[in-house]
Amino acid sequence: MSSQPLPAIPTQLFINNEYIDSTSPNRLTVVNPYTGTQIPHAAHAATKHDIDAAVSAAQSAYKTTWAQTSPREKQACMLRFADLVEKHAERLAILESLPTGKPVTPTMQFDIAHMVEVYRYYAGWTDKLPGESYPASNGVYKIVRHEPLGVCAGIASWNATFLYIGWKIAPAVAAGNCFIFKPSEKSPFGALALGALFAEAGFPPGVVQIVNGGQETGSLLASHSGIAKISFTGSIGGGRAVQDAASKSNLKKVTLELGGKSPAIVFGDVDLQRAVGGVCGFLFNSGQVCVATSRVLVHSSIITPFTAALKTAFEEASATLGADPLDKSTVYGPVVDKAQFDKIMSYIAIGKETATLLTGGAQEGDRGYFIQPTIFVDPQPDSPILKEEIFGPVLAIQSFETEEEAVALANASDYGLAASIYTSNIDRALRVSSQLECGGVAINSPFIPELQTPFGGVKASGQGKELGKEGLLEYTEAKSIHIRLDVAKL
């Protein structure tokens, strides 16, 4: 058990650089998944009046202060914010861990460290937003400018709050927009704590605001006519609802990242331990990761030693379950709440009917929401454990004979977010990567988003991109300017 004192927990809305009460008495209650008990701090839920106030503050800031802020000062605000996040990293990790069960050390070392890198990366773009010009071949000199949209909003899932605060807010403000962010109702505290850091970093009132709430609050953002763009990370159902609300209001721009059922393809020429180690990355955050390779396709020539080695690795991870996520030595935590626990266990029950259980398949301990890392082999082709996103520590293994069969199995999914290929043959790696229907492919490692390259999926995994130059341009509108030249004076 961790003996360190808990930090103060913010619960109010952060609007116009101030923490304020919601205009509704409704509160969001969350449970600590490590203990299964309610956290004695309830976050305020934003109402229509609160959202209107946040949009009004953002519109005012966009038209006045932020529009008049130089690129150099925008950059300075972002860099100061990154420094402050590093300074308060441990407190932020604790606040995120309490309602989600995410261990604090991985949260600091990956989630928060990555968010800091994202802000520093986009800080460098504030004075480098590109434009284009074209020669006056027809008597018209043509200029294309990429201009900010105005007020933007983001809605995020609970599994990686800090990453989404980086991916959504940083490029938006770097491009000159103002932003309203709604964290998941399952993980409000870490996001809320950042409000004070935005203010301390020098962001003017209204530029970055954080509001809590459930589905109703998200709908208010998606349907608000004063918001020019919304970025959503979550389920397919949630994404459809956001897109529908955006279309029925002011046809605002929409970016959707809707999860995945990502494959890992392991060829027979691979270094076995390297492949096993890479596939074990699936267990990060107890499998509650959108790019997690929950389908593993293994060449028949190595299926026996590979599954044996992976089984051993999963059982070693299972032996560590039950530790306090606030303890800095903890690597694997519980799943986020009882609803997610019940959903995962229902898929495990289906797996036991439609596949062979290799290891795991049960709750670990009698307290909290810990689930043993679970492997199924030889699932039936139509089994839901192959088709549907479980979002938990449940992995399915299939075997293949040929490269063509591996590609067909990998693409046999409605999702298309990411994939991994494990092979010592670079020609094969490049050939297969070009045939996979997904937004990103990693060779000989788990797929991890990188600052400079776009992240996003195809098919049911969503639309639009985050990170890289493409992620910046998602928060701009291209404007064409045509200058008719007086040819007679040339």
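Here the structure is a predicted model, which means the values were calculated and not measured. (Residues numbered from 1 in each chain as written. Predicted model: local features only at pLDDT ≥ 70, side-chain atom pairs only at ≥ 80, totals over all residues. Heavy atoms only, no water.)

Enquirer: Go over the overall build of the chain with me, naming the residues and quoting the values.
Expert: Within the chain, the secondary structure is distributed over 16 helices and 22 strands. Rg of the C-alpha trace for the chain: 24 Å, near the compact-globule value of 23 Å for 490 residues, within the 12% margin. For the chain, the C-alpha atoms occupy an extent of roughly 75 × 60 × 40 Å along the three principal directions. Here the chain holds 490 residues, and the buried ones make up 57% of them. Of the contacts formed within the chain by residues at least 6 apart in sequence, a portion of 76% connects residues at least 24 apart. (Helix = DSSP H or I, 4+ residues; strand = E, 2+ residues; numbered from the N terminus. Rg over C-alpha atoms; globule rule 2.2 N^0.38 Å. Buried < 20%, exposed > 50% of the residue type's maximum accessible area, 1.4 Å probe, protein only. Contact = heavy atoms within 4.5 Å.)

Enquirer: Explain the pattern of salt bridges to me, using residue names and the numbers behind them.
Expert: Inspection of the entire model under this criterion finds 20 salt bridges. Across the pair Asp269 and Arg428 runs a salt bridge, and its minimum N-O distance is 3.2 Å. A residue pair is termed long-range when its members are at least 10 positions apart, and Asp269 in the loop between β14 (263-266) and α10 (272-279) and Arg428 in helix α15 (residues 426-435) qualify at 159 residues. A relative accessible area of 30% places Asp269 in the partly exposed class. A salt bridge links Arg431 to Glu403; its shortest N-O distance comes to 2.8 Å. Separated by 28 residues along the polypeptide, Arg431 in helix α15 and Glu403 in helix α14 (residues 403-411) bring together distant segments of the chain. For Arg431, a relative accessible area of 39% translates into the label partly exposed. Members of the salt-bridge network, linked through shared partners, are Asp269, Glu403, Arg428 and Arg431. (Salt bridge = Lys/Arg side-chain N within 4 Å of Asp/Glu carboxyl O.)

Enquirer: Which residues make up the packing of helix α3 (residues 71-87) against helix α7 (residues 189-200), and what values go with them?
Expert: Their axes nearest at 9 Å, the elements α3 and α7 cross at an angle of 135 degrees. Between α3 and α7, the interaxial angle falls into the category oblique. Seen from above, α3 lies across α7 with right-handed handedness. Within the contact between the two elements, α3 uses Phe81, Leu84 and Val85 and α7 uses Leu194, Leu197, Phe198 and Glu200. Residue classes in the contact of α3 with α7 are distributed as six nonpolar, no polar and one charged. (Axes fitted to C-alpha atoms, helices over the stretch in contact; angles between N-to-C directions. Parallel < 35°, antiparallel > 145°, perpendicular 65-115°, else oblique. Left-handed = near helix turned anticlockwise from the far one by under 90°. Nonpolar A, V, L, I, M, F, W, Y, C, P; charged D, E, K, R; others polar.)

Enquirer: Pulling in residues and values, what's your account of the side chain of Asn212?
Expert: Mapped onto the elements of the fold, Asn212 is located in the loop between β11 (208-210) and α8 (215-222). Engagement of the side chain of Asn212 in a polar contact is seen with the backbone oxygen of His44, the distance being 3.0 Å. (Polar contact = N/O pair within 3.5 Å; in protein donor to acceptor, adjacent residues only side chain to side chain.)

Enquirer: Break down the sheet that holds strand β22 (residues 476-484) for me, with residues and values.
Expert: Read across the open sheet, the three strands follow the order β7-β8-β22; overall the sheet is antiparallel. With partners counted over all chains shown, the strands left at the sheet margins are β7 (132-134) and β22, one partner each. Between one strand axis and the next, the sheet turns through 15 degrees on average, direction left out of account. Bridge count between β7 and strand β8 (residues 140-148): three bridges; the pairing is antiparallel. (Pairing = 2+ DSSP bridges.)

Enquirer: Which residues make up the environment of Leu13, and what values go with them?
Expert: As for its position among the elements, Leu13 is in strand β1 (residues 13-15). Remark: the alpha-carbon pair of Leu13 and Gln209, spanning 196 residues in sequence, is separated by 8.2 Å.

Enquirer: So what about α10? Which residues, and what values?
Expert: Given 3.6 residues per turn, any residue in an α-helix points the same way as the ones three and four places further on. Along α10, the residues classified as buried are Ala275, Val276, Gly278 and Val279. Along the axis of α10, the buried residues cluster in a sector spanning 165 degrees; they form a single face. Buried residues along α10 sit against β14, β15 (295-299), α11 (303-318), β18 (394-400) and β19 (418-422). (Arc of directions from axis to C-beta.)

Enquirer: Give me the lowdown on the nonpolar core, citing residues and values where you can.
Expert: Of all hydrophobic cores here, the largest spans 99 residues; its most connected members are Tyr119, Tyr122, Leu194 and Phe203. Element by element, the count of residues in this core is highest for helix α6 (residues 161-174), at ten residues. Residues contacting Tyr122, with those up to four places away along its chain left out, are Met78, Ala170, Pro171, Ala174, Leu467, Gly468, Gly471 and Leu472. Ranked by size, the runner-up nonpolar core spans 24 residues in total, among them Val266, Cys280, Ala317 and Leu395. (Core = buried A, V, L, I, M, F, W, Y, C linked by side-chain atoms within 4.5 Å.)

Enquirer: Now, about a nonpolar patch on the surface: what can you tell me, with residues and values included?
Expert: Taken together, the side chains of Tyr141, Ile483 and Leu485 define a hydrophobic patch exposed on the protein surface, amounting to about 210 Å² of accessible area. For Leu485, a relative accessible area of 30% gives the class partly exposed. (Patch = residues over 30% accessible without salt bridge, like charges linked within 9 Å, V, L, I, M, F, W, Y side chains within 5 Å. Areas by Shrake-Rupley, 256 points an atom, 1.4 Å probe, with all protein chains shown as cover.)

Enquirer: Requested: an account of the packing of aromatic side chains, with residues and values cited.
Expert: Tallied over the full model, the rule gives 18 aromatic pairs. Here the aromatic cluster, defined as three or more aromatic residues joined through ring pairs, consists of Trp66, Phe81, Tyr119, Phe198 and Phe203. The side chain of Lys229 reaches across the aromatic face of Tyr475, ending 4.2 Å from its centre. Its end group placed over the ring of Tyr34, Arg367 keeps NZ or CZ at 4.5 Å from the ring centre. (Phe/Tyr/Trp six-rings, centres within 6.5 Å; stacked < 30°, edge-to-face > 60°. Lys NZ or Arg CZ within 6 Å of the ring centre and 35° of its normal.)

Enquirer: Just give me the short version of the packing of helix α5 (residues 104-123) against α6, but keep the residues and values in it.
Expert: Taken N-terminus to C-terminus, the directions of α5 and α6 make an angle of 5 degrees; their axes are 9 Å apart at the nearest point. With respect to their mutual orientation, α5 and α6 come out roughly parallel. Every residue of α6 that contacts α5 at Thr107, Phe110, Asp111, Ile112, His114, Met115, Val118, Tyr119 and Tyr122 is listed here: Phe162, Leu163, Ile165, Gly166, Trp167, Ile169, Ala170, Pro171 and Ala174. Among the residues forming the contact of α5 with α6, the class breakdown is 14 nonpolar, three polar and one charged.

Enquirer: Mind laying out α8, listing which residues take part and the relevant values?
Expert: Those residues of α8 not exposed but buried are Thr217, Gly218, Leu220, Leu221 and Ala222. Summarising the contacts, the buried residues of α8 are in contact with α1 (48-63), β9 (151-155), β10 (178-182), β12 (229-233) and α9 (236-248).

Enquirer: Tell me about the environment of His114, residues and numbers included.
Expert: As for its placement among the helices and strands, His114 is situated in helix α5. On a C-alpha basis, the gap between His114 and Phe162 in space is 8.3 Å, while along the polypeptide they are 48 residues apart. Each residue touching His114, except ones within four places of it in the same chain, is listed here: Leu163, Trp167, Pro449, Leu451 and Leu467. One polar contact links His114 to Trp167, side chain to side chain, over a distance of 2.9 Å.

Enquirer: Can you tell me about the environment of Gln38, naming the residues and giving the values?
Expert: Structurally, Gln38 can be placed in strand β5 (residues 37-38). The class of Gln38 is exposed, set by a relative accessible area of 53%. Sequence-wise, Gln38 and Ser445 are 407 residues apart; in three dimensions their C-alpha atoms are separated by 38 Å.

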